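Here is how the chains run, residue by residue.
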Amino acid sequence: MTTLDLIKFCLSSLNIGSLPARRPDPRITRSLIKINASNNLRVSQEEIAAEVCLSPSRFAHLFKQQVGLPLRRYLLWRKLSRAVLAIARGESMTDAAHAADFSDSAHLTRTFNEMFGIKPSTMMQGKFFEIPSPFTATELEKKYDQKLSLIHISEPTRQEAI
(Lines give C-alpha, C1' and ligand atoms only; values in the text may rest on other atoms or scores of the structure.)
Protein backbone atom coordinates (compact mmCIF):
# COMPACT_ATOMS: atom_id res chain seq x y z
CA MET A 1 0.00 0.00 0.00
CA THR A 2 1.35 3.40 -0.91
CA THR A 3 1.25 6.44 1.30
CA LEU A 4 -1.27 8.07 -1.03
CA ASP A 5 -3.59 5.06 -0.68
CA LEU A 6 -3.27 5.29 3.09
CA ILE A 7 -4.12 8.99 3.08
CA LYS A 8 -7.14 8.42 0.83
CA PHE A 9 -8.34 5.64 3.12
CA CYS A 10 -7.98 7.81 6.22
CA LEU A 11 -9.86 10.68 4.60
CA SER A 12 -12.64 8.45 3.32
CA SER A 13 -13.09 6.80 6.71
CA LEU A 14 -13.56 10.24 8.30
CA ASN A 15 -16.56 10.82 6.00
CA ILE A 16 -15.49 14.37 5.22
CA GLY A 17 -17.15 14.36 1.83
CA SER A 18 -15.51 14.60 -1.51
CA LEU A 19 -11.81 15.30 -1.76
CA PRO A 20 -10.89 18.88 -2.70
CA ALA A 21 -10.77 19.70 -6.38
CA ARG A 22 -7.35 19.66 -8.00
CA ARG A 23 -7.80 22.99 -9.79
CA PRO A 24 -9.22 25.82 -7.78
CA ASP A 25 -12.08 27.74 -9.33
CA PRO A 26 -10.75 31.13 -10.50
CA ARG A 27 -13.72 32.93 -8.91
CA ILE A 28 -12.90 31.46 -5.51
CA THR A 29 -9.23 32.25 -6.02
CA ARG A 30 -10.14 35.89 -6.80
CA SER A 31 -12.33 36.08 -3.70
CA LEU A 32 -9.55 34.64 -1.49
CA ILE A 33 -7.03 37.12 -2.89
CA LYS A 34 -9.43 39.97 -2.21
CA ILE A 35 -10.21 38.77 1.33
CA ASN A 36 -6.53 38.27 2.16
CA ALA A 37 -5.53 41.66 0.75
CA SER A 38 -8.28 43.51 2.64
CA ASN A 39 -8.10 44.73 6.20
CA ASN A 40 -11.88 44.56 6.46
CA LEU A 41 -12.98 41.17 7.76
CA ARG A 42 -16.60 42.26 8.13
CA VAL A 43 -17.39 41.54 4.54
CA SER A 44 -20.64 39.81 3.69
CA GLN A 45 -21.09 36.73 1.57
CA GLU A 46 -23.40 38.72 -0.71
CA GLU A 47 -20.71 41.35 -1.38
CA ILE A 48 -18.06 38.81 -2.28
CA ALA A 49 -20.46 36.74 -4.37
CA ALA A 50 -21.46 39.83 -6.36
CA GLU A 51 -17.81 40.69 -7.02
CA VAL A 52 -17.16 37.27 -8.55
CA CYS A 53 -20.50 37.18 -10.43
CA LEU A 54 -22.12 34.34 -8.46
CA SER A 55 -25.33 34.12 -6.49
CA PRO A 56 -24.76 34.07 -2.73
CA SER A 57 -25.98 30.48 -2.42
CA ARG A 58 -23.79 29.23 -5.29
CA PHE A 59 -20.82 31.13 -3.92
CA ALA A 60 -21.34 29.59 -0.46
CA HIS A 61 -21.49 26.08 -1.91
CA LEU A 62 -18.50 26.57 -4.20
CA PHE A 63 -16.42 28.26 -1.49
CA LYS A 64 -16.98 25.42 0.95
CA GLN A 65 -16.25 22.83 -1.74
CA GLN A 66 -13.02 24.52 -2.80
CA VAL A 67 -11.66 25.77 0.53
CA GLY A 68 -13.07 23.15 2.86
CA LEU A 69 -14.61 25.71 5.21
CA PRO A 70 -17.69 27.91 4.98
CA LEU A 71 -16.90 31.57 4.34
CA ARG A 72 -17.81 32.69 7.86
CA ARG A 73 -15.51 30.08 9.39
CA TYR A 74 -12.72 31.12 7.03
CA LEU A 75 -13.15 34.77 8.01
CA LEU A 76 -13.12 33.76 11.68
CA TRP A 77 -9.89 31.86 11.06
CA ARG A 78 -8.39 34.99 9.47
CA LYS A 79 -9.44 37.07 12.47
CA LEU A 80 -7.88 34.59 14.88
CA SER A 81 -4.68 34.53 12.80
CA ARG A 82 -4.52 38.30 12.96
CA ALA A 83 -5.03 38.23 16.74
CA VAL A 84 -2.31 35.61 17.25
CA LEU A 85 0.15 37.70 15.22
CA ALA A 86 -0.70 40.77 17.29
CA ILE A 87 -0.20 38.83 20.53
CA ALA A 88 3.11 37.47 19.21
CA ARG A 89 4.24 41.05 18.53
CA GLY A 90 3.68 41.79 22.23
CA GLU A 91 0.39 43.67 22.04
CA SER A 92 -2.05 43.39 24.92
CA MET A 93 -5.00 41.03 24.64
CA THR A 94 -7.41 43.96 24.25
CA ASP A 95 -5.31 45.61 21.53
CA ALA A 96 -4.95 42.29 19.72
CA ALA A 97 -8.72 41.73 19.93
CA HIS A 98 -9.45 45.14 18.45
CA ALA A 99 -6.78 44.77 15.77
CA ALA A 100 -8.39 41.48 14.73
CA ASP A 101 -11.90 42.99 14.65
CA PHE A 102 -13.22 41.32 17.81
CA SER A 103 -15.47 43.43 20.02
CA ASP A 104 -13.34 42.90 23.13
CA SER A 105 -10.77 40.57 24.68
CA ALA A 106 -13.47 38.35 26.19
CA HIS A 107 -14.89 37.73 22.71
CA LEU A 108 -11.41 36.89 21.42
CA THR A 109 -10.75 34.55 24.36
CA ARG A 110 -14.07 32.75 23.97
CA THR A 111 -13.65 32.32 20.20
CA PHE A 112 -10.01 31.26 20.53
CA ASN A 113 -10.93 28.67 23.17
CA GLU A 114 -13.75 27.29 20.99
CA MET A 115 -11.44 26.98 17.98
CA PHE A 116 -8.25 25.66 19.59
CA GLY A 117 -9.30 24.31 22.98
CA ILE A 118 -6.94 26.59 24.92
CA LYS A 119 -7.08 30.21 26.00
CA PRO A 120 -4.83 32.77 24.30
CA SER A 121 -3.22 33.51 27.66
CA THR A 122 -2.17 29.85 27.88
CA MET A 123 -0.66 30.13 24.42
CA MET A 124 1.25 33.24 25.48
CA GLN A 125 2.74 31.40 28.47
CA GLY A 126 3.86 28.54 26.25
CA LYS A 127 2.04 25.80 28.16
CA PHE A 128 1.63 23.29 25.36
CA PHE A 129 1.49 19.56 25.37
CA GLU A 130 1.26 16.98 22.65
CA ILE A 131 -0.95 13.94 22.72
CA PRO A 132 1.01 11.13 21.06
CA SER A 133 -0.66 9.36 18.18
CA PRO A 134 -2.01 5.92 19.13
CA PHE A 135 -1.23 4.58 15.68
CA THR A 136 1.91 4.12 13.70
CA ALA A 137 1.84 3.77 9.94
CA THR A 138 2.12 -0.02 10.13
CA GLU A 139 -0.79 -0.28 12.56
CA LEU A 140 -2.90 1.89 10.23
CA GLU A 141 -1.96 -0.33 7.29
CA LYS A 142 -3.00 -3.41 9.27
CA LYS A 143 -6.34 -1.84 10.14
CA TYR A 144 -6.77 -0.79 6.51
CA ASP A 145 -6.09 -4.34 5.31
CA GLN A 146 -8.45 -5.80 7.94
CA LYS A 147 -11.19 -3.36 6.99
CA LEU A 148 -10.80 -4.17 3.31
CA SER A 149 -10.97 -7.90 3.99
CA LEU A 150 -14.11 -7.38 6.09
CA ILE A 151 -15.71 -5.37 3.33
CA HIS A 152 -15.10 -8.10 0.77
CA ILE A 153 -16.15 -10.92 3.08
CA SER A 154 -19.15 -9.53 4.88
CA GLU A 155 -21.07 -7.35 2.46
CA PRO A 156 -24.70 -7.53 3.56
CA THR A 157 -27.14 -9.25 1.32
CA ARG A 158 -30.20 -7.38 0.13
CA GLN A 159 -32.31 -9.20 2.70
CA GLU A 160 -29.95 -8.23 5.58
CA ALA A 161 -29.93 -4.59 4.51
CA ILE A 162 -33.72 -4.42 4.75
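Residues numbered from 1 in each chain as written. Predicted model: local features only at pLDDT ≥ 70, side-chain atom pairs only at ≥ 80, totals over all residues. Heavy atoms only, no water.

**Student:** Quick question: what am I supposed to make of the side chain of Ser31 here?
**Tutor:** In this structure, Ser31 sits in helix 2 (residues 26–37). Engagement of the side chain of Ser31 in a polar contact is seen with the backbone oxygen of Ile28, the distance being 2.7 Å. Ignoring any residue separated from it by four or fewer positions in sequence, one finds Ser31 in contact with Ile48, Val52, Phe59 and Phe63. (Helix = DSSP H or I, 4+ residues; strand = E, 2+ residues; numbered from the N terminus. Polar contact = N/O pair within 3.5 Å; in protein donor to acceptor, adjacent residues only side chain to side chain. Contact = heavy atoms within 4.5 Å.)

**Student:** Hey, could you run me through the environment of Ala96 in this one?
**Tutor:** Topologically, Ala96 is positioned in helix 6 (residues 93–99). Linking Ala96 and Ala83, residues 13 residues apart in sequence, is a C-alpha distance of 5.0 Å. Beyond its immediate sequence surroundings of up to four residues, Ala96 is in contact with Ala83, Ala86, Ile87 and Glu91.

**Student:** Can you help me understand the packing of helix 2 against helix 4 (residues 56–67) in this one?
**Tutor:** Any two packed helices are characterised by how steeply their axes cross, that is the angle between the axes, and by the distance between the axes. Helix 4 packs onto helix 2 with a crossing angle of 85° between their chain directions and a minimal axis gap of 10 Å. One element, helix 2, and the other, helix 4, form an angle in the roughly perpendicular class. Within the contact between the two elements, helix 2 uses Arg27, Ile28, Ser31 and Leu32 and helix 4 uses Phe59, Leu62, Phe63, Gln66 and Val67. A per-class count over the contact of helix 2 with helix 4 returns 6 nonpolar, 2 polar and 1 charged. (Axes fitted to C-alpha atoms, helices over the stretch in contact; angles between N-to-C directions. Parallel < 35°, antiparallel > 145°, perpendicular 65-115°, else oblique. Nonpolar A, V, L, I, M, F, W, Y, C, P; charged D, E, K, R; others polar.)

**Student:** Just to check I follow, could you spell out the nonpolar core for this structure?
**Tutor:** It is characteristic of soluble globular proteins that their nonpolar side chains tend to be buried jointly. Ranked by size, the top nonpolar core spans 15 residues in total, and within it Ile28, Ile35, Ile48, Phe59, Phe63, Leu71 and Leu75 carry the most contacts. Listed by contribution, the elements that provide at least two residues to this core are helix 2, helix 3 (45–51), helix 4 and helix 5 (71–88). Setting aside anything within four residues of it in sequence, one finds Ile35 in contact with Ile48, Leu71, Tyr74, Leu75 and Arg78. Leu80, Ala86, Ala96 and Ala100 belong to the second largest nonpolar core, which has 12 residues in total. (Core = buried A, V, L, I, M, F, W, Y, C linked by side-chain atoms within 4.5 Å. Buried < 20%, exposed > 50% of the residue type's maximum accessible area, 1.4 Å probe, protein only.)

**Student:** Is there a simple way to explain the side chain of Gln66 in this structure?
**Tutor:** Structurally, Gln66 is set in helix 4. Only 2.7 Å separates the side chain of Gln66 from the backbone nitrogen of Asp25, close enough to count as a polar contact.

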